Protein chains: 2
Amino acid sequence: MKKTLLLVLLGTAPCFADEGMFLPNQPPRELLRKNYDFELTDAFLDRAMKASIRFNNGGSGGFVSPRGLVVTNHHIGADTLQKLSTKENNLLANGFLAKTDADERKCPDLELNVLQEIVDVTARVQSAVKAGMEPAAALAARKSIIAKISKESFAKTGLRSDVVTLYQGGLYHLYRYKKYTDVRLVMAPEHAIAAFGGDVDNFEFPRWNLDVCFFRVYENGQPAHTPSYFPWSAASPGEGDLVFVSGHPGTTNRLETHARLLHRRDHTLPYTLQMLRHREALLLQHAAKGPEQKRLASGDLYSTANARKALTGQFQGLLDPTLLAKKGAAEGDLTLGSPWDNIRKAQLALAQKTPQSPLTLERAYFLLERGDAFDSKLFKIARHLVRLADELPKPEGERLPEYRGSGIESLKLQLFSPAPIDAELERVKLTGSLSFLKELGGDIEAFAKESPAQIAARVVHGTKLADVEVRKQLFAAGKQGIDASQDPMILFAKAVNQTPRQRYDELEEIQQQAYQKIADARFKTHGQSIPPDATFTLRLAFGVVKSYEEDGGKIPYQTTFAGAFARSAEHKNREPFDLPPRWLSSRDKLTLSTPFNFVSTADTIGGNSGSPVLNRAGELVGINFDRNRHGLVRNFVYTEVQARHVSVSCEAVLHALRTLYGAEALVGELMKR
Amino acid sequence: MKKTLLLVLLGTAPCFADEGMFLPNQPPRELLRKNYDFELTDAFLDRAMKASIRFNNGGSGGFVSPRGLVVTNHHIGADTLQKLSTKENNLLANGFLAKTDADERKCPDLELNVLQEIVDVTARVQSAVKAGMEPAAALAARKSIIAKISKESFAKTGLRSDVVTLYQGGLYHLYRYKKYTDVRLVMAPEHAIAAFGGDVDNFEFPRWNLDVCFFRVYENGQPAHTPSYFPWSAASPGEGDLVFVSGHPGTTNRLETHARLLHRRDHTLPYTLQMLRHREALLLQHAAKGPEQKRLASGDLYSTANARKALTGQFQGLLDPTLLAKKGAAEGDLTLGSPWDNIRKAQLALAQKTPQSPLTLERAYFLLERGDAFDSKLFKIARHLVRLADELPKPEGERLPEYRGSGIESLKLQLFSPAPIDAELERVKLTGSLSFLKELGGDIEAFAKESPAQIAARVVHGTKLADVEVRKQLFAAGKQGIDASQDPMILFAKAVNQTPRQRYDELEEIQQQAYQKIADARFKTHGQSIPPDATFTLRLAFGVVKSYEEDGGKIPYQTTFAGAFARSAEHKNREPFDLPPRWLSSRDKLTLSTPFNFVSTADTIGGNSGSPVLNRAGELVGINFDRNRHGLVRNFVYTEVQARHVSVSCEAVLHALRTLYGAEALVGELMKR
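Residues numbered from 1 in each chain as written. Chains lettered and ligands numbered in written order. Predicted model: local features only at pLDDT ≥ 70, side-chain atom pairs only at ≥ 80, totals over all residues. Heavy atoms only, no water.

Student: Help me out: how do you make sense of the pairing of strand β10 (residues 213-219) of chain A in this one?
Tutor: For a regular strand, side chains alternate in direction, first toward one face of the sheet and then toward the other. All names here are of chain A. Among the seven residues that make up β10, six are buried, leaving the element largely enclosed by the rest of the structure. Two strands pair when backbone bridges link them, and strand β3 (residues 69-72) and β10 are joined in this way by four bridges, in the antiparallel orientation. Bridge pairing in β10 places V71 opposite F214. Bridge analysis of strand β9 (residues 182-188) against β10 gives five bridges, and the strand direction is antiparallel. Pairing of M187 across the sheet is with F214, part of β10. Bridge count for β10 against strand β11 (residues 222-223) is two bridges, and the pairing is antiparallel. Within the sheet, the bridge partner assigned to Y218 lies in β11 and is P223. Remark: two residues form the turn of the hairpin made by β10 and β11, two consecutive strands paired antiparallel; N220 in that turn has positive phi of roughly 50 degrees. (Buried < 20%, exposed > 50% of the residue type's maximum accessible area, 1.4 Å probe, protein only. Helix = DSSP H or I, 4+ residues; strand = E, 2+ residues; numbered from the N terminus. Pairing = 2+ DSSP bridges.)

Listed below in structure tokens is the structure:
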């Protein structure tokens, strides 16, 4: 029997009670009413939206006072903590507490976004792309209309305005954000307790992590007025309690076709894992040279190890033949020209070697355009300066998306960041990433005369781009300035500026058109009850706090402070199980039975780090910081048998702030009603 | 001008004074006379041969008393130390000292070889391969004559008899070894001081390592009589002193053609580095789970990290365009059918994808035949049992080389070794290596039904091969036993027994024939004055103890005990810079100015670990244990500008044995004249 589109789509209906990362404007009211007897009110939703925060460096957070106080994960704040640290004063390792507003430390390049409004612009975007257009023309038309919509919205509202592609191309929504760029550090605990267990316990449970960090947003030099905030709950949730996660899940792939997932398994993930392991080995080697090298490399090391572990779990998930067989059985219309067939063909094109090199198109894109071959902050700055000189004179609709309208201000925040850049680490990373390009058979002209190590040493030690003033001058001088520059990093960025981006983007366009058709068919049967894949935009998930079984034993739904001391003793208080001195010396002051971390079935993914976890009353009961390893496969399928997300309990944070950190003012602000 | 064979070969003449890993039967008498006014006597050579030891697990050593006492590196003994360790008694970490012969610990599967005689069998081997034979026929003929020569030699002398291929096929020499399999552990220091600085300082200098370990060989239950031994010198060599290294360098590639080196750069090394980084990440992750996991994984971890670092250096060497350009300029006859052209074509064939899979022939060989995809001791045992059942009934000349004559006894030592095998580590490694096969696009039938993790769990937990008696029974039962076995590891080994080995070996044969022609031409001009590439057989190298410059500063030729304490303090005595308790507590008893490690220009490579370092009098002044990173490129070119090999001084060993380890009996035996 030939499967119809309808039958095919039925296979993708959610099977589990708590699956779903729901759009704020398509909330799961019915499900919550039916399954949990919970009435999702407009007030609850409005606060979830206006008090939830997107950290532009890849995480989530929430307002926890009307004076702009923000809570997120320590590991989301880590990048900023490192930028504020010096050899003498290592805030990332030792923590920080501002006793008063005046003590708060200004962050060099942090941008926080708070969603204010969503407008459906699907019809406008889709009508700009006419049937029969060649992919290049369709891509240009889509880019142009999206740029126009964003620009109009910004002009009208003054808000950062992003057009978000949902359902891989099924819907287009305009997201308007309030943007905060004056962000100050309020409090961070020691890295050792925030990341207790390190890479060993990452993606595991039980856990004992105080993975929190507080910032404050300012406007006009004053703490911002943020009437929408989450009241801090002094009580932890219990087994079976309903909780909500309001945050910004990064990426899932659940609605992708079988061919796309096969491509991920056979191409994208193997490549990315190889790249990450290469980078991790290099960074570990560098960090081992001494404490200062370790301090400087630690940010890159954390994110690399974290990604390696997450993607290893994803890859292992796709290696289970039953998972992919189910996906394959759920679709069947691979006849010529069907959307599934078009997506399949796009994968073949991505996996095709380019005529000039042994790299596949996808690898060439990742290495040369995404910059995997040029792992250097100074290089990234140089590339932006080179491209800005070309792009800024163009009309907005024709520019590369990152150089358009409201995005330019965000880019400049990064480009002109005063955060220090370590030349030695830059040289090591650029040598390594260029060598990696060579390992994969990639080539650039410079290799004919110099080895990767020689190139990296020359351009890193010769460039003046470490100086923010030099960057500003080059930016101001535009095309002429770039053409005249003899800075070796600028010259190098110019020499490697040709990448297969256009061809890659055209394949994205082809896939978007196909997914649009698949989504339209799905909408006819399911409406929009199945939420779109995650897009690092605000979503609401829900679930219950719940124990689970593993290897025949029961894993309780929560841990306590006592467990942290036991775990540390087990490992003789050795890194990464070393408790900070203040924990060891003040153990007697702590109520050791205080709930520390807890798990729930709610549907989360990377990007949800720092997400507010709310109870039925909309109060903050926890801050999400991880999933267990059973949850790593959630990119492709939701499961709640053993998969859990992990949160640090607000009760634990409160008790630690009071008892160990002497943070009375902060506690007062959190508990003020 | 068309380059002639003669001109081409001139390019490969040695340019440096101390280059060369010389064959024992082609000693560099003239060079030593001319450059160092040293008369290399027959007595010196005879002792160098009969007192030098090959450790079959990949290192070197030497006799240091007439009672079979052997010195080597701690890192060469590490595998045995680990096999003798338990959770409760970790000899690898804590060291060991036998106060009397009776306390010495029998090693489960160590085989030591001592060269007795070399016979040139080139004419016999080459005449068996007739002009015009197809590669398969030539390979069979060569295998057959080599098997015959070995078998005859063994029958005549009772000595292990290996035919060694020199000059990549230019010469064939028969090496006759005395074999010791009753080997007992005498003394090992703590891992922390043997491997001081760990992976961080590996391939670096200055160094402070007590990288030594003592064994004793037995015959008929008694310490073996070993009249050829190196007298232990109490004095360290000084700057400019001539020293000799008599050991077993593993592999060099200096006489390989340009095409072969390009293939190494573009295929072999990138693949191997990728494999090693995958394995290292996996092992690190496992080792981090707890102290017992760390103990069990440490052997694999050391060898993986060591290889990764060495090969990274090799790869970086080949990325220097001047190095390869020189190699390319030194040869030119790529006309059709020339030996260089034939070797080039063989490289193309190795890099060709096989019709059934996206793996190149070389990758398929490494993964499926060398076993990179099946990283498990139990699997290796199963594969041997499966193949032995097929091979043993055949005439020797038709068997795979590893299942012939005298080699079988060595193989049985491994196969029936009582060394413990940890099931959990086996499962983790097999899961990882099967996943790696998948990452590279490789396939085996089992993947259709199970993921790598599922396969590994099933076969590792289901097999009975951890029991040595089960292995012996299966071996004894031969083909019938294997056919009837339902052991899941045996079934798995049978299922993956088809590999591209025959095709790979035929390409080796084609290359050997080409190298034979290149070597013949070289012999006409240079004779055999340029030594052959290293083959893990006995070689004599020489050089001078010599400081060098780095980053504008001078690196002195030796370190002292004082330096070890300084380096440790610099790193707050943290791993891998932690000195053992006895070092810290007895610091005052040590003469801190005692020379610890020293460097010389002598030509060494991996495999030389544990090599005796001799002075002009033929006395032992040091034990080689490493090269510095400038020496990593020595696989391809010798250099003595900065490249040095690193030795632990005999004086340091003596002082430590006396002062810290209370090893009076051992010291007495070493110093007895």
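Once the structure has been displayed, the description carries forward.
Student: Even after reading the chapter, I still don't get the sheet that holds strand β17 (residues 595-600) of chain B, so can you show me in this structure?
Tutor: By definition, the strands of a sheet pair up through backbone hydrogen bonds, in either a parallel or an antiparallel sense. All names here are of chain B. Sheet architecture is open: seven strands sit in the order β13-β12-β18-β19-β20-β17-β16, paired in antiparallel fashion. Across the chains shown, the open sheet's two edge strands, defined by having one partner strand only, are β13 (539-544) and β16 (558-560). Here the strands of the sheet are splayed against their neighbours by 30 degrees on average, with no regard to which way each runs. Where strand β12 (residues 242-247) lies against β13, six bridges are found, and the strand directions are antiparallel. The residue of β13 that forms the bridge with G247 is R539. Docked against the sheet, helix α2 (residues 29-36) engages β12 and β13, running at close to 10 degrees with respect to β13. (Axes fitted to C-alpha atoms, helices over the stretch in contact; angles between N-to-C directions. Contact = heavy atoms within 4.5 Å.)

Student: Explain the pairing of strand β19 (residues 620-627) of chain B to me, please; I cannot follow it from the model alone.
Tutor: Residues and elements named next belong to chain B. The buried fraction of β19 amounts to eight of the eight residues, a majority that puts the element mostly inside the structure. Both strand β18 (residues 612-614) and β19 contribute to a ladder of three bridges, which runs antiparallel. Looking at the pairing, L614 lines up with L620 of β19. Where β18 hands over to β19, the hairpin turn is made up of five residues, of which G618 adopts a positive phi near 80 degrees. Relative to strand β20 (residues 645-649), β19 runs antiparallel, the two sharing five bridges. Within β20, the residue paired with D626 across the bridge is V646.

Student: How should I be thinking about the interface of chain B and chain A in this particular structure?
Tutor: You'll often see interface size given as the accessible area lost when the parts meet. Facing 34 residues of chain B, the contacting portion of chain A comprises 34 residues. Counting the surface lost from both chain B and chain A, the interface buries some 2700 Å², and carbon and sulfur atoms represent 53% of this. The tally of links from chain B across to chain A stands at two salt bridges. Scanning the region where chain B abuts chain A turns up seven residue pairs in polar contact (both at pLDDT 80 or more). If you list the elements that add at least two residues to the side of chain B that touches chain A, you get α9 (198-201), α10 (258-287), α11 (291-319), α17 (423-439) and α18 (452-462) of chain B. Examining the composition of the side of chain B that touches chain A, we find that nine residues originate from one element, α10(B), more than from any other. Looking at the side of chain B that touches chain A residue by residue, the class counts come to 13 nonpolar, nine polar and twelve charged. (Buried area = accessible area lost by both parts, 1.4 Å probe. Salt bridge = Lys/Arg side-chain N within 4 Å of Asp/Glu carboxyl O. Polar contact = N/O pair within 3.5 Å; in protein donor to acceptor, adjacent residues only side chain to side chain. Nonpolar A, V, L, I, M, F, W, Y, C, P; charged D, E, K, R; others polar.)

Student: I'm lost on the pattern of salt bridges in this one. Help?
Tutor: All names here are of chain A. The full count for this structure, using the stated rule, is 104 salt bridges over all chains. R207 is the partner of D626 in a salt bridge, and the nearest nitrogen-oxygen pair spans 2.7 Å. Remark: R207 occurs in the loop between α9 (198-201) and β10 and D626 occurs in strand β19 (residues 620-627); sequence separation between them is 419 residues. On the basis of relative accessibility, which here comes to 7%, the residue D626 falls in the buried class. Salt bridges here are not isolated pairs; linked through shared partners, they connect R67, D101, E104, R216 and E669.

Student: I'm lost on the relation of the copies chain B and chain A in this one. Help?
Tutor: Once chain B is rotated about the relating axis by 180 degrees and shifted along it by 0.0 Å, it coincides with chain A to within an RMSD of 0.0 Å. The superposition of one copy onto the other is thereby described by a two-fold rotation axis. An overlap of 100% is found between the interface residues of chain B and their copies at the interface of chain A, pointing to a shared contact surface. (Least-squares fit on C-alpha atoms with pLDDT ≥ 70 in both.)

Student: Would you mind going over the sheet that holds strand β20 (residues 645-649) of chain A with me for this structure?
Tutor: Residues and elements named next belong to chain A. Overall, antiparallel pairing links the seven strands, which are arranged β13-β12-β18-β19-β20-β17-β16 in an open sheet. Since the sheet does not close on itself, it has two edges, and those belong to β13 (539-544) and β16 (558-560), each with one partner. Each adjacent strand pair in this sheet contributes to an overall mean axis angle of 30 degrees, direction not counted. Against the sheet, helix α22 (residues 561-570) engages β16 and β17 (595-600), with an angle of about 75 degrees to β16.

Student: Any chance you could explain the packing of helix α13 (residues 339-350) of chain B against helix α21 (residues 501-526) of chain B here in plain terms?
Tutor: The description of two helices packed together rests on the angle between their axes and the distance between the axes. Residue and element names in this part refer to chain B. One way to put it is that α13 packs onto α21 with a least axis distance of 8 Å and a crossing angle of 160 degrees. In terms of their interaxial angle, α13 and α21 are classed as roughly antiparallel. Our pair here, α13 against α21, has a crossing hand that is left-handed. Two secondary-structure elements touch here, α13 through P339, W340, N342, I343, A346, Q347, A349 and L350 and α21 through R503, Y504, L507, I510, Q511, A514, Y515, K517 and I518. Split into classes, the residues belonging to the contact of α13 with α21 amount to twelve nonpolar, three polar and two charged. (Parallel < 35°, antiparallel > 145°, perpendicular 65-115°, else oblique. Left-handed = near helix turned anticlockwise from the far one by under 90°.)

Student: Explain the side chain of A:S246 to me, please; I cannot follow it from the model alone.
Tutor: Residue and element names in this part refer to chain A. In this fold, S246 is placed in strand β12 (residues 242-247). Since its relative accessible area comes to 2%, S246 is described here as buried. Side-chain polar atoms of S246 contact the backbone oxygen of A48, separated by 3.3 Å. Of note is the side chain of S246, whose polar atom sits 2.6 Å from the side chain of S52. Leave out the neighbours within four places in its chain, and S246 touches A48, S52, L538, R539, L540, S611, P612 and L614.

Student: Explanation requested: the packing of helix α18 (residues 452-462) of chain A against helix α20 (residues 488-495) of chain A in the structure shown.
Tutor: All names here are of chain A. α20 packs onto α18 with a crossing angle of 130 degrees between their chain directions and a minimal axis gap of 7 Å. By the angle class used here, α18 and α20 are oblique. Across the interface between the two elements, I455, R458, V459, V460 and G462 from α18 touch P488, M489 and F492 from α20. Counted by class, the contact of α18 with α20 contains six nonpolar, one polar and one charged residues.

Student: Mind showing me how you'd approach the environment of A:D375 here?
Tutor: Residues and elements named next belong to chain A. The topology assignment puts D375 in the loop between α14 (361-369) and α15 (377-391). Overall, the relative accessible area of 9% leaves D375 in the buried class. Expressed as a C-alpha distance, the spacing of D375 and R279, which sit 96 residues apart in the sequence, is 9.2 Å.

Remember that the coordinates give geometry; whether it matters functionally is a separate question.
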